[in-house]
Structures are given as C-alpha cells and as structure tokens.
Amino acid sequence: MTGLATILIVVGLFLLGGAYSFVKQEQPRGVIVLLALGASMCLIAGVLRLDVWS
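Within every chain, residues take consecutive numbers counted from 1 along the sequence as written. Only residues with pLDDT of 70 or above have their local features reported here, since the model is predicted, and side-chain atom pairs are shown and tallied only from 80 upward, although totals for entire chains, interfaces and linings are computed over all residues. The basis for every side-chain value is the complete set of heavy atoms in the structure, and neither hydrogens nor water enter the calculation.

A word on the packing of helix α1 (residues 2-24) against helix α2 (residues 29-49). Direction vectors running N to C along α1 and α2 enclose 160 degrees, while the axes themselves pass 7 Å from each other. With respect to α2, the element α1 is oriented roughly antiparallel. Along this stretch, α1 crosses α2, giving a crossing that reads as left-handed. Under the scheme applied here, ten amino acids are nonpolar (Ala, Val, Leu, Ile, Met, Phe, Trp, Tyr, Cys and Pro), four are charged (Asp, Glu, Lys and Arg), and all others, including Gly, are polar. Of the residues in the contact of α1 with α2, the class split is 20 nonpolar, four polar and one charged. For helices, the fitted axis covers only the stretch in contact; all axes are lines through C-alpha atoms, and the angles between them, taken along N-to-C directions, range from 0 to 180 degrees. Secondary structure follows DSSP: runs of H or I at least 4 residues long count as helices, runs of E at least 2 residues long count as strands, and numbering of each begins at the N terminus. By definition in this entry, angles of less than 35 degrees are roughly parallel, angles greater than 145 are roughly antiparallel, angles of 65 to 115 are roughly perpendicular, and the rest are oblique. With the far helix as reference, a near helix turned anticlockwise by less than a right angle produces a left-handed crossing, and one turned clockwise produces a right-handed crossing.

The structure is reproduced here in structure tokens:
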C-alpha cells in the first residue's frame, strides 16, 4: 500500500502549499485553517500508512 501512502503525502503537501499561498494573499483565516487541517490529516495518514514506525 505504499502507492496510497505516496498519494496521501503528495496531496497533503499540495494542500500545505495552497495554505501557504493563501497566507501570502491574505485570504480569510477560516479557509487557511481548513486547508492546513486537511493537509495535516493527509500527511499524518500517509506517514502512518508507510509502516516505517513498526
């Protein structure tokens, strides 16, 4: 399942980049928070699915 983990990590990084871009553009904080939460959930899920911890 490393393919799914890779996809989750890539999507998480994409969302994190979007959040950073929205901070630079001074967009509403609600949108930035939602993007950051989505990015963190994708990154955490991707890292946990890599099975590097066990």
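Okay, the environment of Ala45 next. Tracing the backbone through its elements, the reader meets Ala45 in helix α2. Ala45 gets classed as partly exposed once you look at its relative accessible area, which sits at 27%. Residues Ala45 and Val11 lie 34 residues apart in sequence; the distance between their C-alpha atoms is 11 Å. Accessibility here uses a 1.4 Å probe with only protein chains present; expressed as a share of the type maximum, an area under 20% marks a residue as buried, one over 50% as exposed, and anything in between as partly exposed.

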